[in-house]
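Each chain, written out:
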Amino acid sequence: MLAGAVALALPALAQDAPRLAFPVDCTLGETCFLQQFVDRDPGPSARAFDCGPQSYDGHEGTDIRLADMAALAEGVAVLAAADGVVRAFRDGVPDGGTAAAPEGQGCGNGVVVDHAGGWQTQYCHLLEGSIAVAEGQAVAPGDVLGLIGYSGTTEFPHLEFLLRHEGRVVDPFDPSDPASCGGAAPALWADPVPNPGGGILSVGFSTGIPGLDTIAAGAAGTGAIPAGAEALVVWAFVHGGRAGDVVALRILDADGAEVHAQDAVLERTQAQLFRASGRRTPQGGWAPGLYRGEARLIRDGQEVDRGTTVVAITR
């Protein structure tokens, strides 16, 4: 009976919920990406609001990530999502990810804002030293709270955005029964926030297959490549890949002719991954010019996302 009462109450609560501004100063799909969502599976498995796999067991927030650590260094602002008053904040947690997270400080550097009607938002994993508000300070939608960081329990730079009503977690993408998914309850965002279900974080060229650590650091890109380099490789950094997805990679020469192509089928669902493919340099070297790399994430025959890059081949 209690579960039914909760399910019936949530739509009414949503009517009084704040309309949420997107809490990061970025362009979705270009400079930031939706990585994971509130877990709506009551058991040991996990599922997102759309019943897809973009969550993990017990996850209570929405993860808005950056492509890599190089993007983190550029400074991306975290914004207040609604009118409210800063209840608390924490700073001083190092930006070292899970390995450097102090015990009991999984949120890392963060801010908690109280809103009218028992609503509350929390902003986790902010950059050390970036907190721009004080306890008791009034904030409005779009006010800067700090910068996205890499503090607390995290494997990638991101903001974890949490919404609660009277202490209970509410999913801003679907405020209905938290133990269900695929419902039709209107999202709480002031403006639509589409979820493509994964995508391309970055694409680059290299002269060999780079490591994931190098790609995640934003250090796998290269400048001009000599015509006689050992190989020409295009790589793609992907988020939200699902078993059965295809990562299609292509290299086009300066005349637009395809010089290499490979489709990689993903064998398992992963929050982030990379694929790389290329070919050894032909005898006599590559013809100089501007080469184009292309990566596409394909699911059930439909393109989810694509990314491109260029590199100069020089004598």
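The model shown is predicted, which means the values in this text are computed figures rather than measured ones.

Student: Please explain the sheet that holds strand S16 (residues 270-280) as it appears in this structure.
Tutor: Sheet strands line up and pair through hydrogen bonds in the backbone, either parallel or antiparallel. Taken together, the three strands give an open sheet; going across it, the order is S11-S13-S16, and neighbouring strands pair in antiparallel fashion. Looking at strand neighbours, the two that pair on one side only are strand S11 (199-206) and S16, the edges of this open sheet. With strand direction ignored, the average angle separating the axes of adjacent strands in the sheet is 15 degrees. Note: strand S13 (residues 231-241) against S16, ten bridges, orientation antiparallel. In the sheet register, Trp235 faces S16, and the bridge partner there is Ala276.

Student: Can you walk me through the packing of aromatic side chains in this structure?
Tutor: The geometry of an aromatic ring pair is captured by two quantities: the separation of the ring centres and the angle between the planes. Per the counting criterion, the structure on display carries eight aromatic pairs. Residues Phe37 and Phe49 carry aromatic rings whose centres are separated by 5.2 Å and whose planes lie at 75 degrees to one another, so their mutual orientation is edge-to-face. In this pair, Phe37 sits in the loop between strand S1 (33-36) and strand S2 (62-65) while Phe49 sits in the loop between S1 and S2, placing the two residues twelve residues apart along the sequence. Each member of the pair, Phe37 as well as Phe49, carries the same accessibility label: buried. Ring plane angle 20 degrees and centroid distance 4.8 Å describe the contact between Phe49 and Phe173, whose orientation is recorded as stacked. Pair noted here: Phe49 is in the loop between S1 and S2 and Phe173 is in the loop between strand S10 (168-169) and S11, with a separation of 124 residues, a long-range link. Comparing Phe49 with Phe173, the two get one shared label, buried. One aromatic cluster is present, formed by Phe22, Phe37, Phe49, Tyr123, Phe161, Phe173 and Trp189 through successive ring pairs. The lysine or arginine in question, Arg65, covers the ring of Phe156, its NZ or CZ lying 4.6 Å from the ring centre.

Student: Even after reading the chapter, I still don't get the nonpolar core, so can you show me in this structure?
Tutor: What tends to happen in soluble globular proteins is that the nonpolar side chains get buried as a cluster. One finds Phe22, Val111, Tyr123 and Leu159 to be the most contacted residues of the largest nonpolar core, which totals 39 residues. Elements represented by at least two residues in this core include exactly helix H2 (69-74), strand S5 (109-114), strand S6 (119-126) and strand S9 (158-165).

Student: Just checking my understanding: could you explain the side chain of Ser55 for this structure?
Tutor: Note that Ser55 resides in the loop between S1 and S2. Only 2.7 Å separates the side chain of Ser55 from the backbone oxygen of Phe37, close enough to count as a polar contact. If we skip the residues at most four places from it in the chain, Ser55 touches Gln36, Phe37, Val38, Asp39, Ala46, Arg47 and Ala48.

Student: Could you clarify how one ought to interpret the pairing of S2 in this entry?
Tutor: The side chains of a regular strand alternate, residue by residue, between the two faces of the sheet. The two faces of S2 match: Thr62 and Ile64 on one face and Asp63 and Arg65 on the other face are all buried. Judged from the four bridges that link them, S2 and S9 form a sheet pairing that is antiparallel. If you follow Asp63 over to S9, its bridge partner there is Glu160.

Calculation criteria
- Residues numbered from 1 in each chain as written.
- Predicted model: local features only at pLDDT ≥ 70, side-chain atom pairs only at ≥ 80, totals over all residues.
- Heavy atoms only, no water.
- Pairing = 2+ DSSP bridges.
- Helix = DSSP H or I, 4+ residues; strand = E, 2+ residues; numbered from the N terminus.
- Axes fitted to C-alpha atoms, helices over the stretch in contact; angles between N-to-C directions.
- Phe/Tyr/Trp six-rings, centres within 6.5 Å; stacked < 30°, edge-to-face > 60°.
- Buried < 20%, exposed > 50% of the residue type's maximum accessible area, 1.4 Å probe, protein only.
- Lys NZ or Arg CZ within 6 Å of the ring centre and 35° of its normal.
- Core = buried A, V, L, I, M, F, W, Y, C linked by side-chain atoms within 4.5 Å.
- Polar contact = N/O pair within 3.5 Å; in protein donor to acceptor, adjacent residues only side chain to side chain.
- Contact = heavy atoms within 4.5 Å.

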